[in-house]
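One-letter residues, chain by chain:
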Amino acid sequence: DHYIEAIIKACAVTRRHDEMIAKYNDGSAQLKSFLGDKTDYYENFEYGSTTDTIRAQLMEFYEYRNTGKPPMAGLVIECQGTLNSLRSSCRSNLRPVFKPSDELQPEAIESEWNALTEMEATHEAKLRDLFTKFQDADFAADKFGAKADKFERWADEKSEIFDEGNFGTGVVDAEVCNNSHDIYQDQLAKFQEACGDLNTVAATCEAV
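Residues numbered from 1 in each chain as written. Predicted model: local features only at pLDDT ≥ 70, side-chain atom pairs only at ≥ 80, totals over all residues. Heavy atoms only, no water.

A word on the packing of aromatic side chains
Part 1 of the reasoning: Enumeration according to the criterion identifies 12 aromatic pairs in this entry.
Part 2 of the reasoning: For the pair Phe45 and Tyr47, a centre-to-centre distance of 4.7 Å together with 70° between the ring planes defines the contact as edge-to-face.
Part 3 of the reasoning: Through a chain of ring-to-ring contacts, three or more aromatic side chains come together here, namely Phe151, Trp154, Phe162, Tyr184 and Phe191.
Part 4 of the reasoning: For Lys38, the ring lying beneath its charged end belongs to Tyr41, and the centroid distance is 4.6 Å.
Part 5 of the reasoning: Taking NZ or CZ as reference, Lys38 lies 4.1 Å from the ring centre of Tyr64, over its face. (Phe/Tyr/Trp six-rings, centres within 6.5 Å; stacked < 30°, edge-to-face > 60°. Lys NZ or Arg CZ within 6 Å of the ring centre and 35° of its normal.)

And the structure:
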C-alpha cells in the first residue's frame, strides 16, 4: 500500500508537471508569435500621407495599446508564474528543474518584449509628429486657398476694368480714373507682398 501510494503521488506530480510544461510552452510560443508579428508589422509600416490617414493610424495604435496588448502582457506574467511554480515543484519533489528551449527562455521573451515596447514608443512619436506636421500643412493650405481666392477675385475685377478702357468723357471722369488708379497701385503693392507670402506657404506645404 505504501509503495502504491508513493507511485500514485509520483505519477500525479509528473502529470502536474507535464501540464505546467505544456501551459508554459504554449503560452511562450504564443508570445513569440505575437512579438515576431508585431516586430515585422512596425518594421514594414507605411505611414499615411494625409492628416485623416495619420489620425486613423493613431487611433488604430491606441486601440491596440488599450485592448490588444494588455492580454499579451497578462500572458507574460502568467507564463512567468507558471514557470516559477513548476521549478519550485521540481525542487521540492527532487525532480530535475525544467529548462525551456532557448527560444522560449523567459529572458529571451523579456528582451523581445522590451524591444517591442521601445519600437512602439518610436512608432507613436513618429505618428504624433506627422499628425502635427500635417495639421500645420492643412492650415497653411487653407490659408493659401483663402488668399489666392481673394487675389484672383481682385485680379479678375481689375482686368475687366482695364479691358473696358473707359476713361470717361471729361476732366472729372479723368480725375476719378486717376484716383482709382492710385488706389489700384496701393492695392497692387499689398497683393504683391501677399504673393510672396503665398510662396512661403506653398513651400511649407510642399516640405511636409
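A look at unusual backbone geometry
Part 1 of the reasoning: With a phi angle near 55°, Leu94 is a residue other than glycine that sits in the positive phi range.
Part 2 of the reasoning: Looking at the element boundaries, Leu94 is found in the loop between α2 (51-92) and α3 (106-164). (Helix = DSSP H or I, 4+ residues; strand = E, 2+ residues; numbered from the N terminus.)

With respect to the side chain of Lys69
Part 1 of the reasoning: Counting through the fold element by element, Lys69 comes out in helix α2.
Part 2 of the reasoning: According to the relative accessible area criterion, Lys69 is buried, its value standing at 11%.
Part 3 of the reasoning: A distance of 2.6 Å separates polar atoms of two side chains, one belonging to Lys69 and the other to Glu120.
Part 4 of the reasoning: Every residue in contact with Lys69, bar those within four places of it in the chain, is listed here: Tyr64, Trp113, Thr117 and Glu120. (Buried < 20%, exposed > 50% of the residue type's maximum accessible area, 1.4 Å probe, protein only. Polar contact = N/O pair within 3.5 Å; in protein donor to acceptor, adjacent residues only side chain to side chain. Contact = heavy atoms within 4.5 Å.)

Remarks on the environment of Ser33
Part 1 of the reasoning: Secondary-structure assignment places Ser33 in helix α1 (residues 2-43).
Part 2 of the reasoning: Here the alpha-carbon distance between Ser33 and Pro71, two residues 38 residues apart in the chain, equals 14 Å.

Focus on the nonpolar core
Considering soluble globular proteins, one finds that nonpolar side chains tend to be buried as a cluster.
Part 1 of the reasoning: Leu31 and Phe34 are the most contacted members of the largest nonpolar core, which totals 26 residues.
Part 2 of the reasoning: Elements supplying a minimum of two residues to this core: α1, α2 and α3.
Part 3 of the reasoning: Of all the elements, α2 adds the most residues to this core, at 11 residues.
Part 4 of the reasoning: Sequence-distant contacts of Leu31, defined by excluding residues within four places in its chain, comprise Met72, Leu75, Val76, Cys79, Ile109 and Trp113. (Core = buried A, V, L, I, M, F, W, Y, C linked by side-chain atoms within 4.5 Å.)

What is shown is where atoms sit, not what they do.
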